[in-house]
Amino acid sequence: MLVPTVAVDTHPVVLAYNAFQVVGIAGSYFSESKNPMPYSKFAVSSKKNDDGTSTTKKMVPSRMGMLIIYVPATIVALAVQWFLLPLIKDSTPTVAGWLVFAHFVKRDLEVLCLHKYSGSTELDAARMIAFVYALTALMICFVSTPTTELASREVYSGVSLFVVGSLGNLYHHYLLAKLRSDSVRKYVAPKGGLFQFVAAPHYLFELIAWLGIAVASHQLTGYLNLLSMTMYLSARSQNQNNWNKNKFSEKEWPASRKNMVPFVY
Ligand SMILES: NC(=O)c1ccc[n+]([C@@H]2O[C@H](COP(=O)([O-])OP(=O)(O)OC[C@H]3O[C@@H](n4cnc5c(N)ncnc54)[C@H](OP(=O)(O)O)[C@@H]3O)[C@@H](O)[C@H]2O)c1
């Protein structure tokens, strides 16, 4: 059985980043529950202020918003793996770093070739998420334990979890894309795969992939990242489920359907 072990990098920059992650863990669930991140079906182009006036937000089409979100992290992961690790730390690229790079390449390709977007993304939100992802990629690539120092079961279980999570995530993205034709971009009750049980199976599989990265990283930073994403995606999956319940009939989307984990949550 896999019993993950965790190392703690005590460099002050890493410890400061870990503190930032802990704040993210505490805040992300409540912040997403209260104010859903403004992209796709939750995008809002204008916000009401306390004094009754409203602020118009700069929006970009979803495909562009998603590229703004994912491309910087892809470049950062590649740069750290290829140039910076040998240059600054005199160490070789890590398996966790390559998994992070693969994750963001997959995202970029899905944005370009698979998803059929209908909406828009708030530009400021896209920039903020891009910064957080780029920082995540930077830190995980930098702190991950060198592959040669890992037990082989950690490498194999990390990579296996990543592959299962990524394929499950990709499959459910494919099911979502199949709901729409190229010309008609309306919302339809998701079906097939684990959509029979939960509103956001793609989130569940994404978390399995990040668990794989955490195992392969062997570092506290990887596990704190997993926790923070779990909190955020738990709240987002609840928003997705509530949105579906409001949008679709009881027959199309039963009220008993869970958010993210079949039969549990
Ligand atoms: N690691 C993290 O913290 C994190 C955070 C957020 C997202 N993600 C990952 O990013 C991926 C995408 O997330 P997301 O929140 O953008 O997913 P999403 O809201 O489910 O959207 C994914 C795609 O499916 C379309 N879609 C959604 N519901 C639909 C429906 N009922 N009918 C037809 N089309 C529908 C969306 O179109 P529209 O754009 O037109 O709505 C979009 O093209 C997920 O795998 C997720 O795990 C990760």
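These numbers were taken from a predicted model, which means no experiment stands behind them.

Conventions adopted
Residues numbered from 1 in each chain as written. Predicted model: local features only at pLDDT ≥ 70, side-chain atom pairs only at ≥ 80, totals over all residues. Heavy atoms only, no water. Helix = DSSP H or I, 4+ residues; strand = E, 2+ residues; numbered from the N terminus. Rg over C-alpha atoms; globule rule 2.2 N^0.38 Å. Buried < 20%, exposed > 50% of the residue type's maximum accessible area, 1.4 Å probe, protein only. Phe/Tyr/Trp six-rings, centres within 6.5 Å; stacked < 30°, edge-to-face > 60°. Lys NZ or Arg CZ within 6 Å of the ring centre and 35° of its normal. Contact = heavy atoms within 4.5 Å. UniProt positions renumbered as here; feature names shortened; annotations may be inferred. Axes fitted to C-alpha atoms, helices over the stretch in contact; angles between N-to-C directions. Parallel < 35°, antiparallel > 145°, perpendicular 65-115°, else oblique. Left-handed = near helix turned anticlockwise from the far one by under 90°. Nonpolar A, V, L, I, M, F, W, Y, C, P; charged D, E, K, R; others polar. Near = heavy atom within 4 Å. Polar contact = N/O pair within 3.5 Å; in protein donor to acceptor, adjacent residues only side chain to side chain. Areas by Shrake-Rupley, 256 points an atom, 1.4 Å probe, with all protein chains shown as cover.

Chemist: Where do I start with the overall build of the chain in this structure?
Modeler: Along its length, the chain carries seven helices and four strands. In the chain, the succession of α and β elements from N to C terminus is α-β-β-β-α-α-β-α-α-α-α. Relative to its length of 265 residues, the chain is compact, with a C-alpha radius of gyration of 19 Å against a globular reference of 18 Å. Looking at the chain as a whole, 45% of its 265 residues are labelled buried.

Chemist: Looking at this structure, how should I read the packing of aromatic side chains?
Modeler: Each aromatic ring pair is summarised here by two numbers: the centre-to-centre distance and the angle between the ring planes. Tallied over the full model, the rule gives twelve aromatic pairs. Grouping aromatic residues by their ring pairs yields a cluster made of Tyr-70, Phe-104, Tyr-133 and Trp-210. Seen from the ring of Trp-243, Lys-41 lies directly overhead, with NZ or CZ sitting 5.1 Å from the centre. Across from the ring centre of Tyr-39, 4.0 Å away, lies the NZ or CZ of Arg-236, which sits over that ring.

Chemist: What's the story with the environment of Pro-36 in this structure? I'm lost.
Modeler: Within the secondary structure layout, Pro-36 lies in the loop between helix 1 (12-34) and strand 1 (46-48). For Pro-36, a relative accessible area of 26% corresponds to the partly exposed category. For the pair Pro-36 and His-103, spaced 67 residues apart in the sequence, the C-alpha separation amounts to 24 Å. In this structure Pro-36 touches Phe-42, Arg-236 and Asn-239, once residues within four positions along its chain are discounted.

Chemist: Explain the UniProt feature "transmembrane region" (unreviewed entry) in the chain here, please?
Modeler: Cross-referencing UniProt, the feature "transmembrane region" (unreviewed entry) maps to residues 67-88, 125-143, 155-174 and 194-216 in the present numbering. Secondary structure content for residues 125-143 is 100% helix and 0% strand, and the end C-alpha separation is 27 Å.

Chemist: Would you mind going over the packing of helix 2 (residues 62-89) against helix 3 (residues 95-113) with me for this structure?
Modeler: The axes of two packed helices give the description: the angle between them and the distance between them. Direction vectors running N to C along helix 2 and helix 3 enclose 155°, while the axes themselves pass 9 Å from each other. With respect to each other, helix 2 and helix 3 are oriented roughly antiparallel. Helix-helix and strand crossings are classified by hand; for helix 2 and helix 3 the assignment is left-handed. Here helix 2 contributes Arg-63, Met-66, Leu-67, Tyr-70, Val-71, Ala-73, Thr-74, Ala-77, Leu-78 and Gln-81 to the contact with helix 3, which in turn contributes Gly-97, Trp-98, Val-100, Phe-101, Phe-104, Val-105, Arg-107, Asp-108, Val-111 and Leu-112. Here the contact of helix 2 with helix 3 is built from residues that sort into 14 nonpolar, three polar and three charged.

Chemist: When you look at the UniProt feature "domain: 3-oxo-5-alpha-steroid 4-dehydrogenase C-terminal" (unreviewed entry) in the chain in this model, what are you seeing that I'm missing?
Modeler: Within this numbering scheme, the UniProt entry marks residues 150-265 as carrying the feature "domain: 3-oxo-5-alpha-steroid 4-dehydrogenase C-terminal" (unreviewed entry). Secondary structure content for residues 150-265 is 62% helix and 0% strand, and the end C-alpha separation is 34 Å.

Chemist: Just to check I follow, could you spell out the packing of helix 3 against helix 6 (residues 201-217) for this structure?
Modeler: As a packed pair, helix 3 and helix 6 sit with axes 8 Å apart at the nearest point and diverge in direction by 155°. It follows that helix 3 is roughly antiparallel to helix 6 by the angle criterion. Every pair of crossing elements has a handedness; the one defined by helix 3 and helix 6 is left-handed. Contacts from Val-95, Ala-96, Leu-99, Val-100, His-103, Phe-104 and Arg-107 in helix 3 reach Glu-206, Trp-210, Gly-212, Ile-213, Ala-216 and Ser-217 in helix 6.

Chemist: In this structure, what is going on with the site of the ligand? I would like to understand it.
Modeler: Not every one of the 27 residues close to the ligand is listed here, only the nearest: Ser-118, Asn-169, His-173, Tyr-187 and Tyr-203. Arg-180 is positioned with one of its side-chain polar atoms (N or O) 2.9 Å from an oxygen atom of the ligand. Residue His-202 places a side-chain N or O atom 2.8 Å away from an oxygen atom belonging to the ligand. Here the ligand has 890 Å² of accessible area as a free molecule, and 96% of this is covered by the chains. Of all the secondary structure elements, the ones that give two or more residues to the shell around the ligand are helix 5 (152-178), helix 6 and helix 7 (220-247). It is helix 7 that contributes the most residues to the shell around the ligand, four residues altogether. For the shell around the ligand, the class distribution of residues is 13 nonpolar, eight polar and six charged.

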